Amino acid sequence: MSPQQLSPSVRRVAVVGGARIPFARSDGPYATASNQQMLTAALDGLVERYGLQGPGAVGEFVAGAVLKHARDFDLARETVLGSGLHPSIPAYDIQQACGTGLQAVIAVANKIALGQTDSAVAGGADTASDAPLGVNDSLRRILLEVRRAKSPGARLKALAKVRPGHLVPDIPRNAEPRTGLSMGEHAAVTARARGIARAAQDELAATSHQRLAAAYERGFFQDLVVPFRGLARDQNLRPGSTVEKLATLKPVFGLDHPDPTMTAGNSTPLTDGAATVLLASEEWARERGLEPLAYLTAYETAAVDFVGGDVAGGEDGLLMAPAYAVPRMLERAGLGLEDFDLVEIHEAFASQVLATLAAWEKRGLGTVDRARLNVAGSSLATGHPFAATGARIVATLAKLLAERDAPARGLISVCAAGGQGVTAILERS
């Protein structure tokens with residue numbers, strides 16, 4: 001077979017629309033919902049809204065999850081088979097921690113830009129409620145020894161090694177394997193190092209809730225959010241959040257140092273949810289009478305040595321990779337922060353958002369007007385199902401840009417576990 005010929009020119013990639021289910025706190029309304037069930041619900045919402053039924057309706061489906069059972073080894077494809085998309089549409093999984101949803105968007109965008117497909121759906125799902133439990137590793141080794149045994153006696157001898165402590169399962173931990181610190185503890189180190197004040201964190205968190213509530217009230221999410229299992233809006237949303245109320249919460253991270261600043265109120269909760277986004281070439285959208293919301297014009301990833309940073313006292317913390325990705329992307333695009341009408345920074349923690357803004361300023365990018373930052377709320381209010389957040393942000397920002405009468409530009413910044421970051425630019429012309 002001859003290699004596939006690439007298009008002689010790069011095509012613009014349109015963001016046509018998105019669909020997600022409301023995000024829920026873990027062990028709540030979606031406690032018994034699997035990644036596949038949630039992702040299927042989000043995908044079906046997109047299929048129904050944009051008439052994607054039938055063979056060849058889209059080129060492919062790309063999605064992922066961070067917390068995956070063994071049964072989720074082919075999550076994207078199984079989701080297609082259980083959804084309104086036609087079974088002939090191929091799918092594959094992708095994963096880059098909290099950057100998964102945005103990386104899925106980038107993956108399909110590259111194929112569209114190169115002419116390898118005309119349309120595709122990207123997305124992600126995660127459930128902290130239905131997290132996989134692993135067999136105790138010592139027990140696993142014994143069971144493998146039993147399987148390899150050649151005689152009943154050898155099998156009994158191996159089984160005799162089992163002790164009560166071996167029956168305790170391995171429970172997933174929100175901790176970095178290289179450091180043993182949770183994401184919150186890493187963020188607390190960065191907050192201390194950069195002098196991020198508690199009041200500033202609480203103000204950002206309260207604003208996120210207030211803006212998300214306002215967006216729901218004006219009907220902004222009517223064509224973006226699909227009701228699921230009794231929820232019609234994000235369960236974590238607290239419309240009445242104020243700085244004064246958040247100030248009463250006790251710190252939960254960084255307790256081993258004086259004056260900890262990070263609380264459950266200025267940190268994202270463990271969350272269940274799923275999100276999808278439809279991307280296409282301009283021609284594909286035009287043929288179907290669909291008006292693109294915005295165009296994906298640039299993207300950049302980066303990583304930092306957080307082990308030598310947070311742990312060894314260096315400058316770079318676990319969630320600071322966007323401090324490098326964004327400057328590189330802007331330089332390549334010939335843009336500055338002042339060229340953006342809207343800025344979307346994933347709110348893993350309020351302290352991390354503030355640290356990122358400070359790092360951009362330190363690197364000479366200038367300041368971000370808070371009136372342009374996360375104008376419809378973000379992860380502190382919606383919650384953060386790890387792999388779903390990127391797709392949520394892309395669809396939200398694209399619609400925000402489409403609401404403007406004039407050309408507009410938006411910046412996306414997503415931090416991720418492992419000291420990584422994924423960033424992108426959307427434009428409305």
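First things first, this report covers the structure right here in the doc. Keep in mind that what you see is a predicted model, and the values were worked out from it rather than measured.

Parameters and conventions
The residue numbering used here restarts from 1 in each chain and proceeds along that chain's sequence as written. The model is predicted, so local features are restricted to residues of pLDDT at least 70 and side-chain atom pairs to those at 80 or more, both for listing and for counting; the totals for chains, interfaces and linings are taken over all residues. Computation of side-chain values: all heavy atoms of the structure, hydrogens and water removed. Here a helix means four or more residues in a row that DSSP labels H or I, a strand means two or more in a row labelled E, and each is numbered from the N terminus. Both definitions apply: the radius of gyration is a C-alpha atom measure, and the globule rule equals 2.2 Å times residues to the power 0.38. Exposure is judged per residue with a 1.4 Å probe applied to protein chains only, and the accessible area is read against the type maximum: over 50% gives exposed, under 20% gives buried, and values in between give partly exposed. What sets the accessible areas is the Shrake-Rupley method with a 1.4 Å probe; for residues, cover comes only from the shown protein chains. A residue counts as positive if it is Lys or Arg and as negative if it is Asp or Glu; His and the chain ends are not included. To locate a charge, take atom NZ for lysine, CZ for arginine, CG for aspartate or CD for glutamate. The nonpolar core is taken to be a set of buried Ala, Val, Leu, Ile, Met, Phe, Trp, Tyr and Cys residues, with the residues joined through side-chain atoms within 4.5 Å. We call two residues in contact whenever any of their non-hydrogen atoms come within 4.5 Å of each other. Throughout this description, the term salt bridge denotes a Lys or Arg side-chain nitrogen within 4 Å of a carboxyl oxygen of Asp or Glu. Note on geometry: axes are C-alpha line fits, over the in-contact stretch for helices, and angles between N-to-C directions span 0 to 180 degrees. Angles below 35 degrees are treated as roughly parallel, those above 145 as roughly antiparallel, those between 65 and 115 as roughly perpendicular, and all remaining angles as oblique. Helix crossings get a hand from a simple test, with the near helix turned counterclockwise from the far one by less than a right angle marking a left-handed crossing and a clockwise turn marking a right-handed one. Three classes are used: nonpolar for Ala, Val, Leu, Ile, Met, Phe, Trp, Tyr, Cys and Pro, charged for Asp, Glu, Lys and Arg, and polar for all others, with Gly counted as polar. Contacts described as polar in this section are N or O atom pairs within 3.5 Å, which, within protein, must combine one atom able to donate a hydrogen with one able to accept it, while residues neighboring in sequence count only if both atoms come from side chains. A residue counts toward a patch only above 30% relative accessible area and without a salt bridge, and it is joined to like-charged neighbours within 9 Å or, for Val, Leu, Ile, Met, Phe, Trp and Tyr, to nonpolar neighbours within 5 Å.

1. Observations regarding the overall build of the protein
Along the backbone of the protein there are 14 helices and 12 strands. Here the protein has a C-alpha radius of gyration of 22 Å; the compact-globule value for 429 residues is 22 Å, and the two agree. Its C-alpha atoms put the protein at 75 × 60 × 45 Å along the principal axes. Taking all 429 residues of the protein together, the buried fraction comes to 55%. Of the roughly 18,000 Å² that the protein leaves accessible, carbon and sulfur atoms contribute 53%. Taking the 43 positively charged and 45 negatively charged side chains of the protein as two groups, their mean positions are separated by 7 Å.

2. Examining the nonpolar core
Ranked by size, the top nonpolar core spans 47 residues in total, and within it Leu 102, Val 277, Leu 279, Ile 412 and Leu 426 carry the most contacts. If sequence neighbours within four positions are ignored, Ile 412 has contacts with Leu 102, Glu 344, Ile 393, Val 394, Leu 397, Val 422, Thr 423, Ala 424 and Leu 426. By size, the runner-up hydrophobic cluster in this structure holds 36 residues, among which are Ala 33, Ala 41, Tyr 50 and Ala 274.

3. Some remarks on the pattern of salt bridges
For the coordinates displayed, the defined rule picks out 21 salt bridges. For Glu 300, the salt bridge is made with Arg 328, and the minimal N-O distance between the two is 3.2 Å. In this pair, Glu 300 is assigned in strand β9 (residues 294-303) and Arg 328 in helix α11 (residues 322-333), connecting sequence segments 28 residues apart. In this structure, the salt-bridge partner of Arg 409 is Glu 427, at a minimum N-O distance of 3.5 Å. Of this pair, Arg 409 sits in strand β11 (residues 408-416) while Glu 427 is found in strand β12 (residues 420-428), placing the two residues 18 residues apart along the sequence. Salt bridges sharing common partners tie together Asp 137, Arg 140 and Arg 141.

4. Structural notes on unusual backbone geometry
Non-glycine residue Asp 27 carries a positive phi angle of around 60 degrees. Structurally, Asp 27 can be placed in the loop between β2 (24-25) and α1 (35-50). Despite not being glycine, Asp 259 has its phi angle at roughly 55 degrees, a positive value. Summarising the element assignment, Asp 259 is placed in the loop between β6 (251-253) and β7 (262-263). Residue classification places Asp 259 among the exposed positions, given a relative accessible area of 69%.

5. Section: the environment of Asn 236
Examined against the element boundaries, Asn 236 turns out to sit in the loop between α7 (198-217) and α8 (243-246). Classification of Asn 236 by relative accessible area gives buried; the value is 4%. Separated by 31 residues in sequence, Asn 236 and Ser 267 have C-alpha atoms that sit 12 Å apart. Here Asn 236 is in contact with Phe 23, Arg 25, His 209, Pro 269, Leu 380, Ala 381, Thr 382 and Gly 383, once residues within four sequence places are set aside.

6. A short note on the packing of helix α6 (residues 183-194) against helix α12 (residues 350-362)
At a closest axis distance of 9 Å, the pairing of α6 and α12 adopts a crossing angle of 45 degrees. Classed by the angle they form, the pair α6 and α12 counts as oblique. Crossing angle aside, the handedness with which α6 passes α12 is left-handed. Here Ala 187, Thr 190, Ala 191 and Arg 194 of α6 come into contact with α12, specifically with Ser 351, Ala 355 and Ala 359. Its residues placed into classes, the contact of α6 with α12 shows four nonpolar, two polar and one charged.

7. A short note on the side chain of Thr 268
Structurally, Thr 268 is set in the loop between β7 and β8 (271-281). Looking at Thr 268, the relative accessible area reads 18%, which means it is buried. One polar contact links the side chain of Thr 268 to the main-chain carbonyl oxygen of Ala 348, over a distance of 2.9 Å. Those residues in contact with Thr 268 that lie beyond four places of it in its chain are Glu 347, Ala 348, Ser 379, Leu 380 and His 384.

8. Considerations on the environment of Arg 20
The topology assignment puts Arg 20 in strand β1 (residues 13-20). In the structure, Arg 20 is positioned 112 residues away from Pro 132 in sequence and 23 Å away in space, judged by C-alpha atoms.

9. Re a nonpolar patch on the surface
A cluster of nonpolar side chains, contributed by Val 135, Leu 143, Leu 156 and Leu 159, occupies part of the molecular surface with about 360 Å² of accessible area. Structurally, Leu 143 is set in helix α4 (residues 137-148). For Leu 143, a relative accessible area of 42% translates into the label partly exposed.

Geometric descriptors of this kind do not, in isolation, establish any biological role.
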